[in-house]
Structure formats: structure tokens, C-alpha cells
Amino acid sequence: MNKLATISLKALLCLTPMTVAMSPAFAQDNDLGLSEGSVEHATALRDAAMKGSMAYTIVESLTTEVGPRLAGTAAEARGRDWAVAKLQGLGFKDVRVEPFTMQAWERGSESAELLSPYPQPLSLTTLGGSVATPETGLKADIAMFSTLTELEAAEPDSLLGKIAFVSHAMQKTQNGSSYGFHGRLRRSGASIAASKGAIAILIRSIGTDSHRMPHTGSMRYDPAINKIPAAALSNPDADQLERIHARGETMRVSLNLQPKALGEVESGNVIVDIRGSESPDEVVIIGGHLDSWDLGTGAIDDGAGVAIATAAAKLILDSGKRPKRSIRLILWGAEEAGLLGGFAYLERHKKDLDKQIIGSESDFGAGRIWQLTSQVSAEAQPLVNKIAELLVPIGVAPGSNDAPGAGPDLTPLVKAGMPSLRLHQDGNDYFDLHHTADDTLDKINPHDLDQNVAAFAVFAWLAADSGLSFKAP
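Residues numbered from 1 in each chain as written. Predicted model: local features only at pLDDT ≥ 70, side-chain atom pairs only at ≥ 80, totals over all residues. Heavy atoms only, no water.

J.: Just give me the short version of the side chain of Ser466, but keep the residues and values in it.
T.: If you trace the backbone, Ser466 turns up in the segment after helix H15 (446-465). A relative accessible area of 0% means that Ser466 is categorised as buried. Within the local environment of Ser466, its side chain forms a polar contact with the backbone nitrogen of Leu468, the two atoms lying 3.1 Å apart. (Helix = DSSP H or I, 4+ residues; strand = E, 2+ residues; numbered from the N terminus. Buried < 20%, exposed > 50% of the residue type's maximum accessible area, 1.4 Å probe, protein only. Polar contact = N/O pair within 3.5 Å; in protein donor to acceptor, adjacent residues only side chain to side chain.)

Right under this line is the structure:
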């Protein structure tokens with residue numbers, strides 16, 4: 001061996017094994033705190049999901065075998081039993097239920113009729129949590145308001161003996177941005193109307209369809225104000241009342257709502273982990289909520305989310321590789337009753353809040369994901385950028401990196417300081433179906449679910465396999 005060759009061999013032996021083995025791809029993975037080949041694995045997960053996932057099979061099973069799953073009822077309990085059996089059947093280990101208690105409510109009979117000036121039935125539904133009318137119903141004149149602001153401006157006692165009706169209409173947007181504004185009417189309108197002397201309130205449905213299918217949803221009473229019955233009219237029926245009002249006519253309505261309070265009952269979150277190989281006590285959360293309203297079968301809201309998150313976790317489980325951190329799949333309970341599963345989880349896990357690394361929930365229907373937003377530390381932003389880069393080929397555009405939010409059930413955790421990432425679905429048609437009898441399986445496109453699964457698998461894998469801190473110091 002000549003002198004030059006000897007020097008070269010010594011130089012080679014002085015190199016660390018990592019340096020010798022390091023490929024350009026691994027250098028990039030290492031910069032992101034990832035294991036070797038992690039980005040390639042995420043890409044393979046994405047591509048496998050796009051070729052076909054089991055998400056549609058899962059949501060078909062849930063909506064067919066359980067159907068509607070009103071929070072706090074026996075139907076929601078059947079949903080939990082279904083979830084535990086389904087996850088065990090898919091090969092997940094240590095599936096568990098974390099129970100919590102809640103005040104439950106169920107819908108009874110509901111009817112309304114315009115008595116004058118043009119007698120005709122009205123299509124409506126009781127808002128979740130509403131008190132009942134007297135058993136014989138009530139009859140009263142309508143006091144018409146175009147907006148909630150108008151109702152708020154009414155004088156005290158100006159609505160004595162009347163039924164308030166607020167008609168402002170929600171508009172379609174891709175991201176559902178008008179829901180928060182218009183949803184305040186559903187949540188708070190009853191107490192505002194009662195403070196003016198009203199004996200009941202009717203609202204235009206918080207939805208964007210033109211069918212005679214009213215939208216339900218939860219409402220809350222101000223404990224300092226008298227409780228009055230509350231219901232939502234379908235959009236065509238709200239239009240009808242607007243036209244009659246425009247003729248200068250006084251409208252008189254008969255209303256009969258018979259919901260029941262069920263008292264304290266048990267609900268729960270169904271949870272399973274894909275345990276991490278290095279830091280299993282640190283978790284990346286994905287999921288959807290198991291409960292639904294009782295009018296449809298809860299396919300869009302949120303059977304689709306349950307299926308998307310479960311299928312993404314199953315894809316990772318079946319790959320045989322394990323990330324550094326655990327991936328925690330949570331199928332939340334009692335979301336529709338006020339994010340009760342999310343608050344219960346926060347209360348139970350307060351002591352290990354720092355171990356909740358980041359999360360994202362699927363709860364905006366079954367449309368394709370079009371944008372990614374996040375709020376993480378500067379250290380973790382390059383990893384989020386890499387996630388975004390891998391999702392561009394499937395139609396997901398990078399969005400704001402200063403947008404807290406990871407889905408409704410994760411709101412309590414995000415407010416408590418957990419970093420967040422959100423995969424935004426196309427919601428142009430979501431509020432046509434939301435909380436209505438039209439929320440059924442036939443509205444779901446299986447291929448759109450596959451794209452969602454691909455995005456959630458990429459996020460969950462890379463976030464869990466990285467050793468970076470997502471929380472700002």
C-alpha cells in the first residue's frame with residue numbers, strides 16, 4: 001500500500017459511523033429531528049393512502065351499525081362500544097375509555113304552525129338544551145328581527161307575551177368563516193330574547209341549504225335569565241315568514257316542543273396509542289368526535305372525522321415502523337354538547353400537559369383538505385414546512401404559521417398552551433348538511449376521504465418522529 005493510500009485509509013477510519021452512512025436525505029431528516037428515512041416513510045404513507053384507505057369502510061360501519069349518536073344517550077354509549085370493538089378488531093392494543101359525566105338532553109315531539117294570516121305548517125327543530133313549552137304548547141304573535149343585533153337593541157319588556165324570530169342568514173364560505181358570527185344567535189339568542197320579555201324564540205337555521213331541513217345545535221341559557229323554548233326553522237320556512245312580514249301582516253304561531261332533561265349520565269373518550277420507540281409518554285394527537293346530533297346519522301359530522309383519523313392511525317400501525325413519540329388517537333365524546341370530551345381530557349391530563357406535544361382533529365366534514373395552518377415554535381417551523389411540502393402534491397396549500405387552532409375538541413388544550421396544526425377541509429357545502437336530517441353516508445366521496453387520510457398520516461408520522469420541541473420557550 002503506498003503512502004497516499006495509507007493516509008486516505010486513516011482519514012476514512014477517523015470519520016464517525018454517522019458521517020460515513022449519512023446520505024443527503026438523512027442529513028435533511030436529521031436537521032428536522034427525524035429518524036433516518038422518516039420523510040421517505042411519510043411520503044410512502046401518503047401515496048398508499050391516496051391509492052385507497054379504509055376510511056369509507058369505517059364510516060359506513062359506524063353510520064350503519066350505530067346510526068345517530070346523541071351525546072349522553074344510549075346511542076352514544078353504543079358508539080363507544082362500537083369504537084372499542086372496531087379498534088381492537090383493527091389490531092390496536094390497550095384501547096381504553098376515559099369516562100366523564102354530563103347533563104344529558106333528548107329531543108321529544110316538536111311541531112309548529114302558522115295560525116294567521118295564512119295558516120300552514122312550519123318545518124322546525126328544537127335546539128339542543130332547550131326547555132319545553134307547556135304540554136299543550138303555546139300560541140303567540142311573532143316579533144320579527146332581521147339580526148341578533150336588532151334583538152339586543154330592543155327595549156326591556158318590549159316582547160312581553162311574544163315569540164321572537166330572528167332571520168339573519170348565514171353565507172357559504174370555503175372555511176366556514178361565517179359560522180362563528182351567525183352561530184351566536186343559536187347559542188345565546190334565547191336568553192337575549194327572554195331578557196326582552198319573549199316567551200319563546202325561533203331562529204333561521206344556522207346553515208346554508210335551501211331545503212326544508214332545519215338545523216339543530218346546542219344553545220346555552222344565561223343562569224340569571226328566565227329560560228324560554230328555542231327552535232330553528234328551515235331556511236325556506238324562514239323565507240316564508242320574511243315574505244309575510246314584508247306584506248305588513250301580523251303573524252301568529254302555535255309552537256309545541258317537548259324535549260327532556262335526562263340528568264347526569266356518563267359519556268367518555270375512546271383512546272388508543274401507537275407507542276413511540278423513544279419517548280412514548282409524549283403524544284401527538286389526532287382524532288374526531290364520536291357523538292352526533294340525532295336528526296341524521298352523523299356521517300359528515302363527525303363520522304367522517306372518526307374514519308379519517310382512525311384510517312390514518314391504522315396505516316401507520318400496519319407500516320411496521322414506530323415513531324419516536326406516541327401517536328394518540330382520540331375519538332371524543334359529547335363534542336356537540338359543548339366540547340365536554342375535550343374539557344374532560346384537559347382536566348384528566350393537566351399534570352402531563354407538557355407531554356401533549358401537538359394535535360389536529362378532523363371535524364369539518366368529508367371534503368378535501370385544501371390548506372394547512374399552524375402555530376408552533378420557531379424550532380419546529382421547518383418541520384411544519386416539510387409537512388406542508390409533502391402535502392402540496394395532493395392539493396394542500398401552505399397557510400398561516402400564526403393561526404392557533406387544531407379542531408373543536410382540541411380547543412381546551414390549545415388554550416392551555418398546546419401547539420397546534422390544522423388541516424382545513426373544503427367547507428363550501430358543509431353547512432348545507434351540518435346538524436340536519438340530511439347528514440347521511442351518501443354525501444361522502446370515498447376518494448376525498450383518502451386524501452384526508454394521506455394528510456393526517458403525514459402530519460402524525462412526522463410530528464411524532466421528530467425530537468423537536470413544538471412549544472415556544
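J.: Break down the nonpolar core for me, with residues and values.
T.: Counting 101 residues, the largest nonpolar core has Leu151, Ile286 and Phe459 as its most contacted members. Residue contributions to this core peak at 13 residues, all from H15. If sequence neighbours within four positions are ignored, Leu151 has contacts with Phe145, Leu159, Ala164, Val166, Gly189, Ile192, Ala193, Lys196 and Ile201. In terms of nonpolar packing, the next biggest core, distinct from the first, is built from 21 residues, Leu122, Ile163, Ala231 and Met251 among them. (Core = buried A, V, L, I, M, F, W, Y, C linked by side-chain atoms within 4.5 Å. Contact = heavy atoms within 4.5 Å.)

J.: Just give me the short version of helix H5 (residues 55-65), but keep the residues and values in it.
T.: Residues of H5 that are buried include every one of Ala55, Ile58, Val59, Ser61, Leu62 and Thr63, and no others. On the buried face of H5, the contacting elements are helix H6 (74-89), helix H10 (299-319) and H15. With its phi angle positive at about 80 degrees, Gly67 sits one or two positions after the end of H5.

J.: Tell me about the packing of aromatic side chains, and please be specific about residues and values.
T.: Under the counting rule described, the total for this entry stands at five aromatic pairs. Summarising the aromatic geometry, the rings of Phe364 and Phe431 are spaced 5.9 Å apart at their centres and angled 65 degrees between planes, so their arrangement reads as edge-to-face. Taken as a pair, Phe364 in the loop between strand E13 (356-361) and strand E14 (369-375) and Phe431 in helix H14 (residues 430-433) lie far apart in primary sequence, 67 residues in all. Consider the rings of Tyr430 and Phe431, whose centres lie 4.9 Å apart with planes at 75 degrees: the pair is edge-to-face. For Tyr430, a relative accessible area of 7% corresponds to the buried category. Taken together through their ring pairs, the aromatic side chains of Tyr179, Phe364, Tyr430 and Phe431 make up a single cluster. (Phe/Tyr/Trp six-rings, centres within 6.5 Å; stacked < 30°, edge-to-face > 60°.)

J.: Account for the packing of helix H4 (residues 38-51) against H15, naming residues and giving values.
T.: Where H4 contacts H15, the axes come no closer than 8 Å and their chain directions differ by 160 degrees. One finds that H4 runs roughly antiparallel with respect to H15. H4 and H15 meet at a crossing whose hand is right-handed. For the pair H4 and H15, the contacting residues are Ser38, Val39, His41, Ala42, Leu45, Arg46, Ala49 and Met50 in the first and Asp450, Gln451, Val453, Ala454, Ala457, Val458, Trp461, Leu462 and Asp465 in the second. (Axes fitted to C-alpha atoms, helices over the stretch in contact; angles between N-to-C directions. Parallel < 35°, antiparallel > 145°, perpendicular 65-115°, else oblique. Left-handed = near helix turned anticlockwise from the far one by under 90°.)

J.: Describe the pairing of E13, with residues and values.
T.: The two faces of a sheet get side chains in turn, since along a regular strand they alternate between them. E13 sits mainly inside the fold: six of its six residues count as buried. Sheet topology places strand E11 (residues 279-289) next to E13; five bridges connect them, and they run parallel. For Gly287, the partnering residue across the bridge sits in E13 and is Glu361. (Pairing = 2+ DSSP bridges.)

J.: Describe unusual backbone geometry, with residues and values.
T.: Excluding glycine, residues mostly have negative phi values, and the peptide bonds linking residues are mostly trans. For the bond from Ser116 to Pro117, the omega torsion is 10 degrees, close enough to zero to count as cis. Cis geometry is found at the peptide bond from Asp301 to Asp302, where omega equals 5 degrees. Tracing the chain through its elements places Asp302 in helix H10. Phi at Leu339 takes a positive value of approximately 60 degrees, unusual for a residue other than glycine. With respect to the element layout, Leu339 can be found in the loop between strand E12 (325-332) and helix H11 (340-348).

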